[in-house]
Amino acid sequence: MEDTMKAAILVGPHKLDVREVPRPQITEPGDVLLKVEKTAICGTDLHPYEGRIELESDVILGHEFLGTVVQTGSAVQQFEEGDRAVASCVVHCGHCRACRRGDPARCAGSRIFGLGIALGGLDGGQAEYVVVPNADIVMRKLPDEIRSSDEDLLFAGDIMTTGYEAVRRAIRPGDAVAVVGAGPVGLCAVMAAVALGAEKVIVVDMVPERLAEAAGFGAIPVNAAETDPYDAVLDLTNWVGADVVVDAVGHESALATACKIVAAGGTISIPGVYLEDSMELPYGDLWLRGVKLVNGVANIVNYMDEVIALTEAGRLAPARMISHRMPLSEAAAAYELFEQRQATKILLDPTQ
Ligand SMILES: [Zn+2]
Ligand SMILES: [Zn+2]
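Residues numbered from 1 in each chain as written. Chains lettered and ligands numbered in written order. Predicted model: local features only at pLDDT ≥ 70, side-chain atom pairs only at ≥ 80, totals over all residues. Heavy atoms only, no water.

- The name given to the chain in an unreviewed UniProt entry is 2-desacetyl-2-hydroxyethyl bacteriochlorophyllide A dehydrogenase, and the organism recorded there is Branchiibius hedensis.
- Entered under Cofactor (unreviewed entry) in the UniProt record, the comment concerning the chain runs "Zn(2+)". (UniProt positions renumbered as here; feature names shortened; annotations may be inferred.)

Structure representation (structure tokens):
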């Protein structure tokens, strides 16, 4: 094996360099060294790329990847050389109070691949190799034989499972589900709602192409630039509103829409990221109508198994969101495309 590898390295805002670097080594007993076969660019990667997350040093980007195990640490029990696996984008400690209570997203020791020191300093997977710590906890084995679903399974470590959890923690079979925002996580929420037995799925956005994509996944599109989403959702739900509203945007205006279109007794589930200290909410209305809010960082590892099983069964097909497949060597151009919103989802091939 070569002792260097190709990697997409962020050296400063908007400055991406694909170059040869030393191949990473396992250092902890729970580590696994993975040879990356597929990796994708996620919206979250734009935070460091655009300089919103300050990196103290160059960092290898990327937290959506799958590949083959090439080496295991001495304490790893679930994996051996040659296993194919997908990793959660978040690495948890597995031992703290939050982890023991089945709520690893609240683990104070959480680390995320490819987002720099502040988020744990783990190098990412937009490279030929990546080290996955606590592999027994955060990785899942993939079937050897079904490589055709790799492009779908890739997303089990992040956006597919984020969208899935957003619906899964709120839905009852037969519910009307509305998804605000038809970006990648919104589209995954649409797929999850269909797979989990929603009576109908409505998607609210303002971009016709995104609405068309969501319609392709089985949602009824509502263009908020043309129609009042409140009127449209009431029309579609016999004046009840949506039992579950997923805010997949993370913006005050999206939450305002969610508050309007949710049914009495319904749930607003928020995978969208909010960093504001405070925001206006129609709280009296939500209180009177008994609306529940569920939010926070996704518990990826809790739902990965369900997502992998449903993907293998053909019930979730997130690979349909992939708009571009590019060599890792062209990562700089790929990030430019992605930043300009000219691509829904870009796959990078580390072998090229
Ligand atoms: Zn992500
Ligand atoms: Zn923990």
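**Overview of the overall build of the chain**
Here's step 1: Along its length, the chain carries 12 helices and 18 strands.
Here's step 2: Overall, the chain is about 65 × 40 × 40 Å in size when its C-alpha atoms are taken along their principal axes.
Here's step 3: Excluding contacts between residues fewer than 6 apart, the proportion of contacts in the chain whose partners are at least 24 apart in sequence is 67%.
Here's step 4: Total accessible area computed for the chain in this model is approximately 15,400 Å², and 49% of it derives from carbon and sulfur atoms. (Helix = DSSP H or I, 4+ residues; strand = E, 2+ residues; numbered from the N terminus. Contact = heavy atoms within 4.5 Å. Areas by Shrake-Rupley, 256 points an atom, 1.4 Å probe, with all protein chains shown as cover.)

**A look at the nonpolar core**
Here's step 1: Core analysis: the biggest nonpolar cluster contains 72 residues, and V132, M139 and M160 have the highest contact counts within it.
Here's step 2: Broken down by element, this core gets its largest block of residues, eight residues, from helix α6 (residues 184–195).
Here's step 3: Those residues in contact with V132, other than ones at most four positions away along the chain, are G30, D31, V32, L34, F65, A87, F113, V138 and M139.
Here's step 4: One finds V222, V233, A254 and I261 within the second-largest nonpolar core, a separate group that totals 19 residues. (Core = buried A, V, L, I, M, F, W, Y, C linked by side-chain atoms within 4.5 Å. Buried < 20%, exposed > 50% of the residue type's maximum accessible area, 1.4 Å probe, protein only.)

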